[in-house]
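Now for the letters of each chain:
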Amino acid sequence: MRARVSTYLAFFAAPKLWLLVFFILPMMAMLLYSFWRVIDYQIVADFTLRNYQKIGGSLYVGVFLSTIKLSIYVTVLSLLIGYPVAYFLARKVRRFKMTLLLLVILPLWTSYLVRTYAWMLILGTQGVVNQALMGLGLITQPQTWLLYSDFAVTIALVHIYMPYLILPLYAVLEKIDPSLLEAAWDLGGGRIRTFLSVILPLSLPGIASGCLFVFIPSMGAFVTPELLGGTRSIMIGSIIAQQFGVAFEYPFGSALALVLMGIIFATAAICLRYGKPRGAV
Amino acid sequence: MLHYRGSSRVMNQIDVELQSVVKRFGSFTAVDGIDLAVQCGQFVTLLGPSGCGKTTTLRMIGGLELPDSGRILVGGEPLATDGGASRPTRMVFQNYALFPHMTVAENVAFGLRMQKVPKAEIETRVKDIVALLGLTAHIEKFPRQMSGGQQQRVALARALVTRPRVLLLDEPLGALDLKMRKHMQHELKKLQREVGITFVYVTHDQEEAMNLSDTIVVMDHGLIVQQGSAAEIYQNPVNAYVADFIGEANLLSGVFRDGAGDRATAISPLGVLGGRLPESYRPSAGDHVLFSIRPEHVLIGQNTASLDFNKQGTLTEVAYLGGSSRLTLAVGDTTLRADVPGLFTAPAGEVVMFGWQAENVRILRHDARFTTPVA
């Protein structure tokens, strides 16, 4: 009996403890911090709404909006590129399927930072793109908008997060019963109509979760915008990181992080609510 | 009343024709050169065990597989290979293949939308077919909210609403429980009479085939072994495979002695037996043959004395099946099954007289798959 209780604890209580220590407690701490303030480099525990009022100002609302906009670009681009890849892998490839899937996953094993730096080498004024264009005589001066811009951040984030979109989409597309496509063909459905009225709606759950897997980390990205965005492309993640770093504004940083989380939760809720195919139990 | 393409045509016209059709998958020959002509308005069943080529044949008629050689004509015209909404056949799939994200109405309307039928007409045609199949109450439901039998009817409605010339059905009742299957068999037959179009049906269930079909096409190893009505096939199987597959048969090994016309005699473990030969089989003396005797033709009791053949045997098993009793008899090394009407009261172990008329014995080509040890 005793053994059974300890087994129970190990199996069921341990994960809960883990969640409590590493997730719930830090969250509670953040929540508390967000209502405190800093006076003379000391965090003072007096209740104030000033941090949240500050976020309501046009500066931070603007950063939030541009972060959302950029994350939507990243998500949409990832979907436009990732859907055909997932579709191809799931429904067209027979041989080398595992190898190709591995190639999709492979970049995930490279450090996030390395991949970001790689884009600096590609897009910089001395980078591959500028050198090549100048070598071809298409431009006379290095194009500076390539790096330190929304463009650079978007491209890098698409590259970094797209595998997270391809994998769930692949899983959903592969599960679609081939006899449904045969039935659509039998009833006279051409390729495009079969795709639009059968495959696309049935892959909706994959689209929803894949998009979330790209949108959420993009919203929170801070290293990539920091390195590739320069001063022209500022995302909320970088600002939050600054609050916990040089600015030493834990309370304001906590408030920003909580607002960001609120936006993410709301997006996730909407995606999961509308990302179900019709007729699902 | 519903109007189906071709429903006004003469009934003895050929709707589906296969000419030396071959289909291979890699090194496996699924269909090994078959010829088949299906008359307009018939219920034809392709029957055989899994791997006999029946489903491949059906899928080729439906255009879902292309033959490696040979020709397929539907309505006298070669089958178009490019699909398209105007194809003359529609398929009812084994797992129904209903679109899970569409309601019954949307599923049924799918083919009509692909044919670009005007909206108002789609609505009335969907309503009519749904009513015909008794689904009106479920029209707004999704497939997952329905029972297997209901889903089956939706699949039928979805195919029939497009008014195909030929309806192809791939083991459509396979996933249903026995009671539902019996019920749907009855409904299918009724439906086929109502819509009057050609049904080509695939099953491995001989009882289902006998129940439904105007013509049964028995297939084995990619070939058509025999075709005809249920009665023809049951009464005059061309070989042991058909005798064994359609209904039950006691198959005994033997050696051919002599024959005149379709009357013949051969030596069996039970002695010399008279029987009849199928039209296509004329063995010569000394050939190995198989006797086929249906269990209901094995008679038991004192009155067997006047039969063409009679002998004593030991009852080893008696099972009461309701309408009849199934007896198992041992005669030397030979085991025989016999069906007698009603409740049979003698216990196992008793020695009984049994016998049969030579009229009911078939002498068939030897087939190693059905050989019983010769005593």
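Once a new chain begins, its residue numbering starts again from 1 and follows that chain's sequence as written. All chains are assigned letters beginning with A, and all ligands numbers beginning with 1, in the order in which they are written. The model is predicted, so local features are restricted to residues of pLDDT at least 70 and side-chain atom pairs to those at 80 or more, both for listing and for counting; the totals for chains, interfaces and linings are taken over all residues.

**Focus on the pairing of strand 1 (residues 14-25) of chain B**
All names here are of chain B.
Alright, step 1. DSSP-based pairing: two strands are paired if at least 2 bridges between them are found. A run of DSSP states H or I qualifies as a helix once it reaches four residues; a run of E qualifies as a strand once it reaches two. Both are numbered from the N-terminal end. Here strand 1 pairs with strand 2 (residues 28-39) via 9 bridges, running antiparallel. For phenylalanine 25, the partnering residue across the bridge sits in strand 2 and is phenylalanine 28.
Alright, step 2. Inspection of the sheet shows strand 1 paired to strand 4 (residues 69-74) by 5 bridges, in the antiparallel sense. The residue of strand 4 that forms the bridge with valine 22 is serine 69.

**Some remarks on the sheet that holds strand 18 (residues 334-341) of chain B**
Alright, step 1. Judged by pairing direction, the sheet is antiparallel, and its 5 strands sit side by side in the order 15-19-16-17-18 (chain B) without closing on themselves. The two strands at the open ends of the sheet, each matched to only one other strand, are strand 15 (299-300) and strand 18 of chain B.

**Brief notes about the sheet that holds strand 1 of chain B**
Residues and elements named next belong to chain B.
Alright, step 1. Taken together, the 4 strands give an open sheet; going across it, the order is 2-1-4-5, and neighbouring strands pair in antiparallel fashion. Both outer strands of the open sheet, strand 2 and strand 5 (77-78), are each paired with one neighbouring strand and no more.
Alright, step 2. Bridging between strand 4 and strand 5 involves 2 bridges; their strand directions are antiparallel. Bridging across to strand 5, leucine 73 finds its partner in proline 78.

**Thoughts on unusual backbone geometry**
Alright, step 1. Phi is positive for aspartate 40 of chain A, which is not a glycine, with a value near 50°.
Alright, step 2. For aspartate 40 of chain A, a count of 5 C-beta atoms within 10 Å corresponds to the exposed category. Residues with at least 20 neighbouring C-beta atoms inside 10 Å of their own are called buried, those with 12 or fewer are called exposed, and the rest are partly exposed, where every C-beta is derived from the backbone.

**As for the packing of helix 5 (residues 112-123) of chain A against helix 7 (residues 150-175) of chain A**
All names here are of chain A.
Alright, step 1. Here an axis means a line fitted to C-alpha atoms, over the contact stretch when the element is a helix, while the angle between two N-to-C directions is reported on a 0 to 180 degree scale. In the contact formed by helix 5 and helix 7, the axes pass within 10 Å of each other and the chain directions differ by 140°. Classified by the angle between their axes, helix 5 and helix 7 sit oblique to one another. The interaxial crossing formed by helix 5 with helix 7 has right-handed handedness. Side by side, helix 5 and helix 7 meet where Tyr112, Arg115, Thr116, Trp119 and Leu123 of the first sit next to Ala152, Ile155, Ala156, His159 and Ile160 of the second. Note that the term roughly parallel is reserved for angles under 35 degrees, roughly antiparallel for angles over 145, roughly perpendicular for angles of 65 to 115, and oblique for everything else. Should the near helix be turned anticlockwise from the far one by less than a right angle, the crossing is termed left-handed; should it be turned clockwise, right-handed. Contact between two residues is assigned whenever their backbone-derived C-beta positions fall within 7 Å.

**Quick notes on the domain arrangement of chain B**
Residue and element names in this part refer to chain B.
Alright, step 1. Domain limits in this description derive from either an automatic procedure or a database domain assignment. Examined at the domain level, chain B breaks down into domain 1 (14-235) and domain 2 (240-370).
Alright, step 2. If you average the C-alpha positions of domain 1 and of domain 2, the two centres end up 38 Å apart.
Alright, step 3. Taken together, the contact between domain 1 and domain 2 spans 7 residues of the former and 5 residues of the latter.
Alright, step 4. Going through the elements one at a time, strand 9 (215-220), strand 10 (223-228) and helix 7 (230-235) are the ones with two or more residues in the side of domain 1 that touches domain 2.
Alright, step 5. Amino acids outside the nonpolar list (Ala, Val, Leu, Ile, Met, Phe, Trp, Tyr, Cys, Pro) and the charged list (Asp, Glu, Lys, Arg) are all regarded as polar, and Gly is one of them. Considering only residue class, the side of domain 1 that touches domain 2 consists of 4 nonpolar, 2 polar and 1 charged.

**Focus on the pairing of strand 19 (residues 351-356) of chain B**
All names here are of chain B.
Alright, step 1. Here 2 bridges tie strand 15 to strand 19, and the two strands are oriented antiparallel to one another. Each bridged residue has a counterpart across the sheet, and for leucine 299 the counterpart in strand 19 is glycine 355.
Alright, step 2. Here strand 16 (residues 309-320) runs beside strand 19; their pairing, made up of 6 bridges, is antiparallel. Within strand 19, the position partnered with lysine 311 by the bridge is phenylalanine 354.

**Regarding the packing of helix 10 (residues 204-220) of chain A against helix 13 (residues 250-274) of chain A**
Residues and elements named next belong to chain A.
Alright, step 1. Where helix 10 contacts helix 13, the axes come no closer than 10 Å and their chain directions differ by 170°. One way to sum up the angle between helix 10 and helix 13 is to call them roughly antiparallel. Within the contact between the two elements, helix 10 uses Ala208, Cys211, Leu212, Phe215, Ile216, Met219 and Gly220 and helix 13 uses Leu260, Ile263, Ile264, Thr267, Ala268, Cys271 and Leu272.
Alright, step 2. A per-class count over the contact of helix 10 with helix 13 returns 12 nonpolar, 2 polar and no charged.

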